[in-house]
Amino acid sequence: MKINIDTFEDLHRPAYVLEEWRLRRNLELTARVAREADVEIILAFKAFALWKTFPIFRSYISATTASSLNEARLGFEEFGASTHTYSPAYTDDEIEAIARCSSHLTFNSLTQLQRLSGRAKAANPAVSIGIRVNPEYSEVETALYNPCAPGTRFGVMEDQLPAQLPSVIDGFHCHCHCESGADVFQRTLSHIERHFSKWFPQLKWINFGGGHLMTRADYDVPLLINILREFHKRYPHLKVILEPGSAFAWQTGCLVSQVVDIVENRGIRTAILNVSFTCHMPDCLEMPYWPAVRGAKTLSEPGGGMTAPAQEHCYRLGGNSCLSGDYMGFWQFDHELQIGENIIFEDMIHYTTVKTNMFNGIAHPALALVTPESELKILREYSYEDYRDRMD
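Since the structure is predicted, the reported quantities are computational estimates derived from the model, not experimental observations.

Peer 1: Explanation requested: the overall build of the protein chain in the structure shown.
Peer 2: Broken down by element type, the protein chain carries 11 helices and 18 strands. Scaling as 2.2 N^0.38, a compact globule of 392 residues should have a C-alpha radius of gyration of about 21 Å, and the protein chain matches this with 22 Å. Overall size of the protein chain, expressed as C-alpha extent along the three principal axes, is 70 × 40 × 40 Å. Out of the 392 residues belonging to the protein chain, those deemed buried represent 54%. Once local pairs closer than 6 in sequence are excluded, the contacts in the protein chain between residues at least 24 apart make up 69%.

Peer 1: In this structure, what is going on with the pattern of salt bridges? I would like to understand it.
Peer 2: A full pass over the atoms with the stated rule returns 22 salt bridges. In this structure, the salt-bridge partner of Asp218 is Arg216, at a minimum N-O distance of 2.6 Å. Among the residues examined, Arg216 registers a relative accessible area of 24% and is labelled partly exposed. Of the charged contacts in the structure, one is a salt bridge between Lys355 and Glu286, with a shortest N-O distance of 3.1 Å. Note that Lys355 is positioned in the loop between β16 (342–345) and β17 (366–370) and Glu286 in helix α10 (residues 282–286), a separation of 69 residues in sequence. Residue Lys355 is classed as partly exposed on the basis of its relative accessible area of 26%.

Peer 1: Help me out: how do you make sense of helix α6 (residues 182–196) in this one?
Peer 2: Along an α-helix, a turn takes 3.6 residues, which lines up residues three or four apart on a common side. Taking 1.5 Å as the rise per residue, α6 with 15 residues should run 21 Å; its terminal C-alpha atoms sit 20 Å apart, in good agreement. Buried residues of α6: Ala182, Val184, Phe185, Thr188, Leu189, His191, Ile192, Glu193 and Phe196, and no others.

Peer 1: Sorry if this is basic, but what is going on with the packing of α6 against helix α7 (residues 221–234) here?
Peer 2: A pair of packed helices is characterised by two quantities: the angle between their axes and the separation of those axes. For the pair α6 and α7, interaxial distance at closest approach is 9 Å and the crossing angle is 20°. Viewed along their axes, α6 and α7 adopt a mutual orientation that is roughly parallel. As for how α6 packs across α7, the hand of that crossing is right-handed. Seen from α6, the contacting residues are Ala182, Asp183, Phe185, Gln186, Leu189 and Glu193; seen from α7, they are Leu223, Leu224, Ile227, Leu228, Phe231 and Arg234. For the contact of α6 with α7, the residue count by class is eight nonpolar, one polar and three charged.

Peer 1: Whenever I open this one, the nonpolar core confuses me. Can you help?
Peer 2: Here is a general trend for soluble globular proteins: nonpolar side chains tend to be buried in one another's company. Core analysis: the largest hydrophobic core is formed by 95 residues, its most contacted members being Leu105, Phe172, Phe200 and Phe345. At seven residues, the largest contribution of residues to this core is made by α7. Excluding anything up to four places from it in sequence, Phe345 contacts Cys254, Leu255, Ser257, Leu273, Val275, Phe277, Met281, Pro291, Ala292, Val293 and Leu317. Among the nonpolar cores identified, the runner-up in size contains 12 residues, and Phe8, Leu11, Val17 and Ala366 belong to it.

Peer 1: Is there a simple way to explain a nonpolar patch on the surface in this structure?
Peer 2: Taken together, Leu285, Leu323 and Phe359 make up a surface patch of nonpolar side chains, about 230 Å² in accessible area. Structurally, Leu323 is set in the loop between β14 (314–318) and β15 (327–332). What makes Leu323 partly exposed here is its relative accessible area of 37%.

Peer 1: Is there a simple way to think about the pairing of strand β6 (residues 102–107) in this case?
Peer 2: Each regular strand carries side chains that alternate between the two faces of the sheet. In terms of burial, β6 is largely enclosed, as five of its six residues are buried. Note that strand β5 (residues 83–86) and β6 share four bridges and pair parallel. Bridge pairing links Tyr86 to Thr106 in β6. For the crossover from β5 across helix α4 (residues 95–100) to β6, the handedness is right-handed. Here four bridges tie β6 to strand β7 (residues 128–132), and the two strands are oriented parallel to one another. Counterpart to Phe107 in the pairing with β7 is Ile131.

Peer 1: Just to check I follow, could you spell out unusual backbone geometry for this structure?
Peer 2: Peptide bonds are trans in most cases, and residues, glycine excluded, mostly fall at negative phi. Looking along the chain, the bond that leaves Gly329 and enters Phe330 is cis, with omega of 20°. Among the secondary structure elements, Phe330 is positioned in strand β15. Even without glycine at this site, His313 takes up a positive phi of about 60°. Here His313 lies in the loop between β13 (297–298) and β14. Assessed through its relative accessible area of 14%, His313 is described here as buried. Even without being a glycine, Asp347 presents a positive backbone phi close to 50°. Note on placement: Asp347 falls in the loop between β16 and β17.

Peer 1: Quick question: what am I supposed to make of the packing of helix α1 (residues 20–37) against α7 here?
Peer 2: Viewed as axis vectors pointing N to C, α1 and α7 meet at an angle of 30°, and their least axial separation amounts to 9 Å. Comparing their axes, α7 and α1 come out roughly parallel. Judged by the twist between their axes, the crossing of α1 over α7 is right-handed. Contacts from Leu29, Arg32, Val33, Glu36 and Ala37 in α1 reach Val221, Leu224, Ile225, Leu228, Arg229 and His232 in α7. Looking at the contact of α1 with α7 residue by residue, the class counts come to seven nonpolar, one polar and three charged.

Reading the values: the criteria
Residues numbered from 1 in each chain as written. Predicted model: local features only at pLDDT ≥ 70, side-chain atom pairs only at ≥ 80, totals over all residues. Heavy atoms only, no water. Helix = DSSP H or I, 4+ residues; strand = E, 2+ residues; numbered from the N terminus. Rg over C-alpha atoms; globule rule 2.2 N^0.38 Å. Buried < 20%, exposed > 50% of the residue type's maximum accessible area, 1.4 Å probe, protein only. Contact = heavy atoms within 4.5 Å. Salt bridge = Lys/Arg side-chain N within 4 Å of Asp/Glu carboxyl O. Expected span 1.5 Å × (residues − 1). Axes fitted to C-alpha atoms, helices over the stretch in contact; angles between N-to-C directions. Parallel < 35°, antiparallel > 145°, perpendicular 65-115°, else oblique. Left-handed = near helix turned anticlockwise from the far one by under 90°. Nonpolar A, V, L, I, M, F, W, Y, C, P; charged D, E, K, R; others polar. Core = buried A, V, L, I, M, F, W, Y, C linked by side-chain atoms within 4.5 Å. Patch = residues over 30% accessible without salt bridge, like charges linked within 9 Å, V, L, I, M, F, W, Y side chains within 5 Å. Areas by Shrake-Rupley, 256 points an atom, 1.4 Å probe, with all protein chains shown as cover. Pairing = 2+ DSSP bridges. Right-handed = clockwise from strand over helix to strand, strands pointing away.

Without other data, these values stay purely geometric and don't point to any function.
See below:
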């Protein structure tokens, strides 16, 4: 059906809505960076794995990155290409299956490399083996997302690598970013080179991981391209790989929800919705990330107090689970909210559908795509059987 993408007034159920033209805009930018900087940019499933959109992606990219057997199979079977795979811990019962789905297989530690790389190569002689390295430098401020925090379990430090790498190693993987700018990559790269460039002559490729938010409006794309070109000049034999997730899905769609009740307690009015922060927007509680609500003014920030601001039409927004903390607030609207009206959370495509859960038996919102002609297509709806079969 045709849909008004400003209000979604004809949509009366929860849905993640991806707008195709916005997705293609991001894909065109990432493809331009890959072309002008002579690097490979691939999709990281950890942020976005909506496989029914893969036909769109295949016009712009040729590979994906996985961190589990399920993700590796998704890339191999549904995207149609072997994946670049990294996991903090491969298991004995899955390593061969993962290797068969992978073009690149990165190990987190030397012990995992020594114990399992032989089995991986036996299962897939063509797979290229890498090791994750950790430069012990990251500008990610939220500890939950900082891969270089003290005591991290990610990667091998400089002083742990032998001067001569094991012959099976073809590449290094280094992930230090989270929604970061090109200037952060520039500073991080200097640390990576300072600590690990002595091994570069022994390598064929280097993967600079994800977190390069090149589709954000204020991202310095020319600087990123220049950084990568200059790196190529210094190390012309190295193939360079980037694997952003958020950059592909950044600002490509929303989560549409509806008001089901309005309650008031000691001056705080809460609009209870038919979606849940803990089930459907977990980063809002974990990071914390403060979502924008269409047509509303944000009146508080993460970690703010419990006192409602004095403004008119001020509401806290509450989820529909039994978790006491399944709420955020406060927002100011330009009218009194009504039961049944839509509340639209902006930029809710990345790190949402991949992290949803059915706590309390709450169903996932539907998955929908809006075509450039404003046609709404429902890609998937969820039922009782989806909840029941999780416990089967």
